[in-house]
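# Residue-level structural notes
Single-letter residue listing:
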Amino acid sequence: MMNNCIFCSIAGGSLPSMKVFDDEHTLAFMDTAGDVDGHILVIPKKHAKNILDCGEEELSYLMKTVKKVALHLVEKCGYSGVNLLNASDESAGQSVPHFHIHIIPRKNGDNIDAWPHFEGAVHETEDIFRKISMI
Ligand code: DGP
């Protein structure tokens, strides 16, 4: 539990949230931005800032819960798919510094624009590839 962390407070129950799923290691709750229908956040209860410092075990619990919630949305709630979104680090647009995966439930023809419109690459793909390949 991190002091002054809004999602730690939500996980600990000192701040209210609309809980969608709750277990020992993870919590899924409604995002309150009101920006898209069904916007859900899934968090590890143990504080990590993002995927870069999250422990392997917490990460695997988190992804299991993401799958449970996604399956629930599709099998029980009338959705047919999901977008999963995550920003890890301020440079990537992370605004709340407690690891969270956004789930956006989707239906055919829902007109939700959940995919970034990239402006076009600046460098040759092969140049970047040479820099980042791990093999
Ligand atoms: P990101 O930009 O990926 O760090 O997303 C942070 C999200 O957290 C954003 O969609 C709005 C949501 N959010 C911020 N404060 C609160 C809060 O107090 N309660 C809930 N439920 N969601 C919050």
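Below, the structure is looked at part by part. (Residues numbered from 1 in each chain as written. Predicted model: local features only at pLDDT ≥ 70, side-chain atom pairs only at ≥ 80, totals over all residues. Heavy atoms only, no water.)

### Some remarks on the overall build of the protein
Within the protein, the secondary structure is distributed over three helices and five strands. Listed N to C, the secondary structure of the protein is α-β-β-β-α-β-β-α in terms of helices and strands. Along the first, second and third principal axes, the C-alpha set of the protein runs to 50 × 40 × 25 Å. With 135 residues in all, the protein has 30% of them scored as buried. Intrachain contacts of the protein at a sequence separation of at least 6 include 51% that bridge at least 24 residues. Working note: accessible area of the protein is about 9200 Å², and carbon and sulfur atoms make up 55% of it. Charge separation in the protein, taken as the distance between the mean sites of 12 positive and 19 negative side-chain charges, equals 6 Å. (Helix = DSSP H or I, 4+ residues; strand = E, 2+ residues; numbered from the N terminus. Buried < 20%, exposed > 50% of the residue type's maximum accessible area, 1.4 Å probe, protein only. Contact = heavy atoms within 4.5 Å. Areas by Shrake-Rupley, 256 points an atom, 1.4 Å probe, with all protein chains shown as cover. Lys, Arg positive; Asp, Glu negative; His and termini not counted. Charge placed at Lys NZ, Arg CZ, Asp CG, Glu CD.)

### As for the sheet that holds strand E5 (residues 101-106)
Strands sit in the order E1-E2-E3-E5-E4 across an open sheet of five strands; the sheet is antiparallel. What marks the edges here is a single partner per strand, and that holds for strand E1 (19-22) and strand E4 (81-85). On average, each strand axis in the sheet is tilted by 20 degrees relative to the strand beside it, whichever way the strands run. Where E4 meets E5, five bridges bridge the pair, whose relative direction is antiparallel. By the bridge assignment, Asn-83 is partnered in E5 with Ile-104. (Pairing = 2+ DSSP bridges. Axes fitted to C-alpha atoms, helices over the stretch in contact; angles between N-to-C directions.)

### Quick look at the side chain of Arg-106
Position of Arg-106 among the secondary structure elements: in strand E5. A polar atom in the side chain of Arg-106 sits 2.8 Å from the side chain of Asp-110. Apart from residues lying up to four places away in sequence, Arg-106 is in contact with Tyr-79, Ser-80, Gly-81, Val-82, Asn-83, Ile-112 and Ala-114. (Polar contact = N/O pair within 3.5 Å; in protein donor to acceptor, adjacent residues only side chain to side chain.)

Such coordinate-based values are descriptive only and should not be taken to indicate function.
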